[in-house]
Amino acid sequence: MAISLTACILLLKEHHLLKSSAVQSDVNVEMTGISYDSRKVEGPTLFFCKGDKFRPIYLSMAKDSGATTYVAEKPYVEGNGLNALIVVNITKAMAILSAAFYDFPQDDLEVIAYTGTKGKTTAAYFTRGILEAAHPHHVALFSTIDRIVGPNPDQRFKSDLSTPESMDLFHDMREAVNNGMTHLVMEVSSQAYLRNRVFGLTYDIGFFLNITPNHIGPSEHPNFANYLHNKVQLLVNSRRVVINAETEHFDAVYAAARTTTYADSIYLFASTDFQPQDPDLPIDFRYEQVEADLEISKFRLVPVTDKAVELNIGGQYQLGLVGDFNVSNATAAIIGAGLTGIDATKAAAGIANVAVPGRMESVTVPNHGHVFVDDAHSYASLHTLLGYMHSEYQPARLRVVLGAPGGKGVDLRADFARALNEHATDVYLTTDDPEFEDPAAIVDQVDEQIDHDRVVVHKVLDRRAAIHAAIADSQPNDIVLITGKGEEASQRVRGVDAEWPSDIVVTNQEAAKLGQSNA
């Protein structure tokens, strides 16, 4: 991979990002490296001065390691002797130039993208499951949990962001193409648009699942309007669009889609019980759950409009995950697969056994309750999950292990308590990424908002001990929910990722101990 200074200048001018340029060398000489980390500069490199923590010394280090051009929002004396590209917006510039450096890998992939406050990961895994069954070893995945860029085990690794920095995103896309991938399923967070990580990227199919207030705070979105604006940008940048018609703020979401997409390329879906405010709104697909137990969900997908019928995906489906919210996510995935040419028979086979790490994973413990591990970490996801369990499995006791993170989302603590008050019978308040806060103080803040006449509160700061206690206290007909971390293998404490085996591993370990003691 390489890019010339001439190409950089032309691209930045094309996107109205270039303020000025200072050329110190042949404009046609190619740069064979690209980086925003001075420690990774080797040889002739295009270097980006970005981020609140950027220091001029980093540019000096990049220069010493061979960087020939820097991109920044202001000139630096440390860059004397280098080509300088001064831009209006450094993150937008990095996205545009990274795509070009890696030779626009998105053009060689069918890109299917999801956004939503909840459900992105599950829907992405469902979609990949269907596509992978139809196109074995040719489907990449960029998710909150996993990043899959090829068919081999060493081409699959854990993610650190739902949507990575633009340079890393296009690098991984190029890796996927080089490894023979033809399709990419990816999550797109609101932060990806707020931080311009996907600036200039167009998706073949874009999904909007839902939106509720979340990720609002000093280091995230300043208010809900900004959050919604960034969420709908995915639809503005998609060739074909699929929208959950039951989402809050539907009118604004639908209007955003219509700004760049013809109505014939927009597909709406909803449950059979949903009645839109506009009776003339063309709901293309309806879904209905027909059977569910603690291990599977069966549902029916019904095409309503002519364009929906043409996709040939109507029929009955089965999932290995419970919950009507998962049926909604599965419906989106099946529609997306249908838009790529996969019919009902192949979609049903592909989705039937999809497992999503950390999502509604069940653990059997003899003589104790039915145990589920889920990474629910917002009011919307927790409310939905607890509501489903409460309605489906009454009069079982609903025991919940829950912690609130430190350093962000302080309003989540009251929200978590509200969800518990609505549906839980017992809660085991514990530690979850406390950062620089006192875990006991966080637990007390959640506890203050809980209705103690409705919910029995146990404060167990040691997370392993809390998981053990919840399972040990349960009776055979109880439901035990371990929420918050799922597959996440760390606890964030005082700026350090402390080792944590993950909730599912610990749950299995504690379940095994209890199983042995009951034998």
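Residues numbered from 1 in each chain as written. Predicted model: local features only at pLDDT ≥ 70, side-chain atom pairs only at ≥ 80, totals over all residues. Heavy atoms only, no water.

**Topic: the overall build of the chain**
The helix and strand tally for the chain stands at 16 helices and 26 strands. In terms of overall dimensions, the chain is globule-like: its C-alpha atoms have a radius of gyration of 24 Å, near the 24 Å expected for 519 residues. Oriented by its inertia axes, the alpha-carbon framework of the chain measures out at about 75 × 55 × 45 Å. Taking all 519 residues of the chain together, the buried fraction comes to 56%. Taking the intrachain contacts of the chain between residues at least 6 apart in sequence as the baseline, contacts between residues at least 24 apart amount to 66%. (Helix = DSSP H or I, 4+ residues; strand = E, 2+ residues; numbered from the N terminus. Rg over C-alpha atoms; globule rule 2.2 N^0.38 Å. Buried < 20%, exposed > 50% of the residue type's maximum accessible area, 1.4 Å probe, protein only. Contact = heavy atoms within 4.5 Å.)

**Quick look at the side chain of Arg128**
On the secondary structure map, Arg128 appears in helix 4 (residues 120–134). Take Arg128: its relative accessible area is 16%, and that puts it in the buried class.

**Focus: the confidence of the model for the chain**
This prediction gives the chain a mean pLDDT of 91; 97% of its residues lie at or above 70. Of all helices and strands in the chain, the one with the weakest mean pLDDT is helix 12 (residues 379–392) (82), whereas strand 13 (residues 203–208) scores best (98). (pLDDT = per-residue confidence, 0-100.)

**Notes on the side chain of Thr507**
Following the sequence through the fold, Thr507 ends up in helix 16 (residues 503–518). Here Thr507 is in contact with Val363, Val371, Val373, Ile467, Ile471 and Ile482, once residues within four sequence places are set aside.

**As for the pairing of strand 6 (residues 67–72)**
Within a regular strand, side chains alternate between the sheet's two faces. When you tally the buried positions in strand 6, you get five out of six residues, the bulk of the element. Two strands pair when backbone bridges link them, and strand 5 (residues 45–48) and strand 6 are joined in this way by four bridges, in the parallel orientation. Among the inter-strand pairings, Phe47 is bridged to a residue of strand 6, identified as Tyr70. The parallel pair strand 5 and strand 6 is bridged by helix 2 (residues 56–64), and the resulting crossover is right-handed. Both strand 6 and strand 7 (residues 83–87) contribute to a ladder of four bridges, which runs parallel. Within the sheet, the bridge partner assigned to Tyr70 lies in strand 7 and is Ala84. (Pairing = 2+ DSSP bridges. Right-handed = clockwise from strand over helix to strand, strands pointing away.)

**Thoughts on the packing of aromatic side chains**
Tallied over the full model, the rule gives ten aromatic pairs. With a centroid separation of 5.8 Å and an interplanar angle of 75 degrees, the aromatic rings of Phe54 and Tyr58 are classed as edge-to-face. On the basis of relative accessibility, which here comes to 32%, the residue Tyr58 falls in the partly exposed class. An aromatic cluster of three or more residues is present, and its members are Phe47, Phe54, Tyr58, Tyr70 and Tyr76. A cation sits over an aromatic face here: Arg418 above Tyr379, 3.9 Å from the ring centre. (Phe/Tyr/Trp six-rings, centres within 6.5 Å; stacked < 30°, edge-to-face > 60°. Lys NZ or Arg CZ within 6 Å of the ring centre and 35° of its normal.)

**Focus on the sheet that holds strand 6**
On the basis of which strands lie adjacent, the open sheet formed by five strands has the order 2-7-6-5-4 and mixed pairing. Looking at which strands have only one partner, the edges of the open sheet turn out to be strand 2 (18–22) and strand 4 (33–35). Ignoring which end each strand starts from, the neighbouring axes of this sheet average 15 degrees apart. Bridging between strand 4 and strand 5 involves three bridges; their strand directions are parallel. Paired with Ser35 across the bridge in strand 5 is Phe47. Packed onto the sheet, helix 3 (residues 90–101) meets strand 4, strand 5, strand 6 and strand 7 and runs at close to 155 degrees relative to strand 5. (Axes fitted to C-alpha atoms, helices over the stretch in contact; angles between N-to-C directions.)

**What about the environment of Ala417?**
Within the secondary structure, Ala417 sits in helix 13 (residues 412–423). For the pair Ala417 and Met94, spaced 323 residues apart in sequence, the C-alpha separation works out to 41 Å. Other than its neighbours up to four places away in sequence, Ala417 contacts Val446, Gln449 and Ile450.

**Some words on a nonpolar patch on the surface**
A grouping of Ile57, Tyr58 and Met61 is seen on the molecular surface, where their side chains present a nonpolar patch of about 260 Å² in accessible area. With respect to the secondary-structure elements, Ile57 resides in helix 2. Taking relative accessible area as the criterion, Ile57 reaches 49% and is therefore assigned partly exposed. (Patch = residues over 30% accessible without salt bridge, like charges linked within 9 Å, V, L, I, M, F, W, Y side chains within 5 Å. Areas by Shrake-Rupley, 256 points an atom, 1.4 Å probe, with all protein chains shown as cover. Salt bridge = Lys/Arg side-chain N within 4 Å of Asp/Glu carboxyl O.)

**Structural notes on unusual backbone geometry**
Its identity as a non-glycine residue notwithstanding, Asp103 has a phi of 60 degrees, on the positive side. Note that Asp103 resides in the loop between helix 3 and strand 8 (110–115). Residue classification places Asp103 among the partly exposed residues on the basis of a relative accessible area of 49%.

**Points about the sheet that holds strand 21 (residues 398–402)**
If you trace the six strands from one edge of the open sheet to the other, you get 19-20-24-21-22-23, paired in mixed fashion. Edge positions in the open sheet fall to strand 19 (361–363) and strand 23 (456–459), since each of these has one partner strand only. Going across the sheet, the axis of each strand differs from the next one's by a mean of 20 degrees, ignoring polarity. Relative to strand 24 (residues 479–483), strand 21 runs parallel, the two sharing four bridges. From the neighbouring strand, Val400 faces strand 24, where its bridge partner is Leu481. Along the sheet face, helix 15 (residues 463–473) touches strand 20 (370–374), strand 21, strand 22 (426–429), strand 23 and strand 24 and points at about 175 degrees away from the line of strand 21.

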